[in-house]
Amino acid sequence: MSVTGIDGLKKLLDDKIRLYNQPYFIDKDPIRIPHAFSKKQDIEISGLFAAILAWGNRTTIINNCNKLMDWMGHAPHDFILNHKDADLKPFVHFVHRTFNATDLLYFISLLQWHYKQHNSLEDAFVPSKKYTNDTVEDALIHFHNYFFSIEHPERTKKHISTPSRRSACKRINMYLRWMVRKDTSGVDFGIWNKIQPRQLVCPLDVHVARVAQRLGLLANNNSNWQNALQLTYHLREFNREDPAVYDFALFGLGMAERF
């Protein structure tokens, strides 16, 4: 695959967006989990679990997320707010890679604590009426600190990444893409309004970093916060208002086409 100049690179990536930012993408991606719901809070909660568990084999990710939704009676918001201790019995044997029952039960308790005070999970990222920073970096740091502001297992902190630890924060940035981006393709939800698409940071993992380096968008293939920002700044040159849309192109090139 040969690409010449900035215009050639933009055309390649825009073509790949049109190919991968399509409803067929949903079926084999973790985003299919929140697409089973229409209520805003159900989308937020199921989407958070789908994003946090989104590492490893995608079939396993989807199956384990479906298991959680089954245990929640396919009404996650109602379950989070109103479950009794006995309802948690199935959850005590849950394991997905290093995410175990201790982590899961803390997530449930934190979400209950949050939704008893707030109507949306967006408030956990942005407590004010509007987010005005250049990127979501401070919103991610706030979310991490907020998420562990009540008594928590120390081990669970590894499952919510933060730029403060120089993590690329791939899964949380992907979750924000789902919640914030607004387009006509029907993949991302666009149900949050405090954060704008132009503030999103492109989700970066080893596959996207490899593709970005080969395309000259990154100097190396390190998956860290500095490179996530650097990639996003380059992508803003192609689409300032919606840089994260290129996640579809870079992911497709890396995973589907093995570029």
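This section reports on the structure supplied with the text.

How each quantity is defined
Residues numbered from 1 in each chain as written. Predicted model: local features only at pLDDT ≥ 70, side-chain atom pairs only at ≥ 80, totals over all residues. Heavy atoms only, no water. Helix = DSSP H or I, 4+ residues; strand = E, 2+ residues; numbered from the N terminus. Rg over C-alpha atoms; globule rule 2.2 N^0.38 Å. Buried < 20%, exposed > 50% of the residue type's maximum accessible area, 1.4 Å probe, protein only. Contact = heavy atoms within 4.5 Å. Salt bridge = Lys/Arg side-chain N within 4 Å of Asp/Glu carboxyl O. Core = buried A, V, L, I, M, F, W, Y, C linked by side-chain atoms within 4.5 Å.

1. Focus: the overall build of the chain
Helix and strand content of the chain: 11 helices and two strands. The order of helices and strands in the chain, counted from the N terminus, is α-α-α-α-β-β-α-α-α-α-α-α-α. Taken over the C-alpha trace, the chain has a radius of gyration of 18 Å; the compact-globule value for 259 residues is 18 Å, and the two agree within 12%. Evaluated residue by residue, the chain yields a buried proportion of 54% over its 259 residues. For the chain, long-range pairs separated by at least 24 residues make up 66% of all intrachain contacts whose partners lie at least 6 apart in sequence.

2. What about the pattern of salt bridges?
Inspection of the entire model under this criterion finds 16 salt bridges. Residue Asp 205 is joined to Lys 170 by a salt bridge in which the shortest nitrogen-to-oxygen separation is 3.8 Å. Taken together, the residues Asp 205 in the loop between helix H8 (170-180) and helix H9 (206-214) and Lys 170 in helix H8 connect sequence positions 35 residues apart. For Asp 205, a relative accessible area of 13% translates into the label buried. Bridged by salt links that share partners, the residues Arg 177, Arg 181, Asp 183, Asp 188, Asp 242 and Asp 247 form one connected network.

3. Quick word on the nonpolar core
Leu 13, Phe 49, Phe 125, Leu 215, Leu 217, Leu 231 and Leu 250 are the most contacted members of the largest nonpolar core, which has 90 residues in total. Sequence-distant contacts of Phe 49, that is, excluding residues within four places in its chain, are made with Cys 65, Leu 68, Met 69, Met 72, Leu 104, Phe 107, Ile 108 and Leu 111.

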